Amino acid sequence: MFPIIAVDISGRHRIGQGYYMVCAAVAVDVSASHIESVSQIAIKPFLTASPPGVADVVSIIETTVAEIKYPGTIIVEHGDLYNQPEWLSQKMFSREFKYQESLSERLAIEFAHHVSLSSRNLLMKELGID
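The sections below set out a description of the structure shown in this document. The model shown is predicted, which means the values in this text are computed figures rather than measured ones.

Analysis parameters
Residues numbered from 1 in each chain as written. Predicted model: local features only at pLDDT ≥ 70, side-chain atom pairs only at ≥ 80, totals over all residues. Heavy atoms only, no water. Phe/Tyr/Trp six-rings, centres within 6.5 Å; stacked < 30°, edge-to-face > 60°. Buried < 20%, exposed > 50% of the residue type's maximum accessible area, 1.4 Å probe, protein only. Pairing = 2+ DSSP bridges. Helix = DSSP H or I, 4+ residues; strand = E, 2+ residues; numbered from the N terminus. Axes fitted to C-alpha atoms, helices over the stretch in contact; angles between N-to-C directions. Contact = heavy atoms within 4.5 Å. Salt bridge = Lys/Arg side-chain N within 4 Å of Asp/Glu carboxyl O. Core = buried A, V, L, I, M, F, W, Y, C linked by side-chain atoms within 4.5 Å.

1. Some words on the packing of aromatic side chains
Phase 1: Inspection of every chain in the model, using the stated rule, returns two aromatic pairs.
Phase 2: Taking the centre distance of 4.5 Å and the plane angle of 0° together, the rings of F93 and F97 count as stacked. An identical accessibility class is assigned to F93 and F97; each is buried.
Phase 3: Arranged with centres 5.3 Å apart and planes meeting at 80°, the rings of F97 and Y99 form a pair that is edge-to-face.
Phase 4: These aromatic residues form a ring-pair network of at least three members: F93, F97 and Y99.

Shown next as structure tokens:
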């Protein structure tokens, strides 16, 4: 088993006057093909007037992952950083970083996606954001 922090951002499209995004970071221990245990989850909402660029996405991820008090490599989908080469993306983060490769990393990102999407939907409903 090894520790990872899977990250997903929901809401990177315009709604009304801005972009209401929710980032979820999920600290898990994984084997080659399974999530073995969940240690911590961090969720952070973000509201911006303009579309997020690469630097914005890195900042959103770093801010959310800062809440995680657990070791692990940050794992995201390649498209989340606009398909930049991994070597370039690695230089932008304060922790170890890589794009997802294994089945367990894919499952962890899907888990983070469910957390970010359901949290965003709940917050939008409570705040009356359409």
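Still more to cover.
2. Considerations on the sheet that holds strand β4 (residues 73-76)
Phase 1: Read across the sheet, five strands follow the order β3-β2-β1-β4-β5 without closing on themselves; strand pairing throughout is mixed. Lying at the two open borders of the sheet, with one neighbouring strand each, are β3 (35-48) and β5 (97-99). Across this sheet, the average inter-strand angle for adjacent strands is 25°, counted without regard to direction.
Phase 2: Pairing of strand β1 (residues 2-10) with strand β2 (residues 19-30) involves nine bridges; the strand directions are antiparallel. By the bridge assignment, D8 is partnered in β2 with A24.
Phase 3: Its contacts with the sheet put helix α3 (residues 103-127) on β1, β2, β3, β4 and β5, and the angle it makes with β1 is roughly 40°.

3. Some remarks on the pattern of salt bridges
Phase 1: This structure, assessed with the given rule, holds six salt bridges.
Phase 2: Between K44 and E67 there is a salt bridge, and its shortest N-O distance comes to 3.5 Å. In this pair, K44 sits in strand β3 while E67 sits in the loop between α1 (54-65) and β4, placing the two residues 23 residues apart along the sequence.
Phase 3: Where salt bridges share partners, they join E77, R106 and E110 into one cluster.

4. A look at the nonpolar core
Phase 1: Of all hydrophobic cores here, the largest spans 23 residues; its most connected members are V7, I61, I74, V76 and L81.
Phase 2: Of all the secondary structure elements, the ones that give two or more residues to this core are β1, β2, β3, α1, β4 and β5.
Phase 3: What L81 contacts, discounting residues up to four positions off in sequence, is V54, V57, V58, V76, S89, F93, F97 and Y99.
Phase 4: Core analysis: the next-biggest nonpolar cluster, separate from the first, contains nine residues, A6, V26, V28 and V30 among them.

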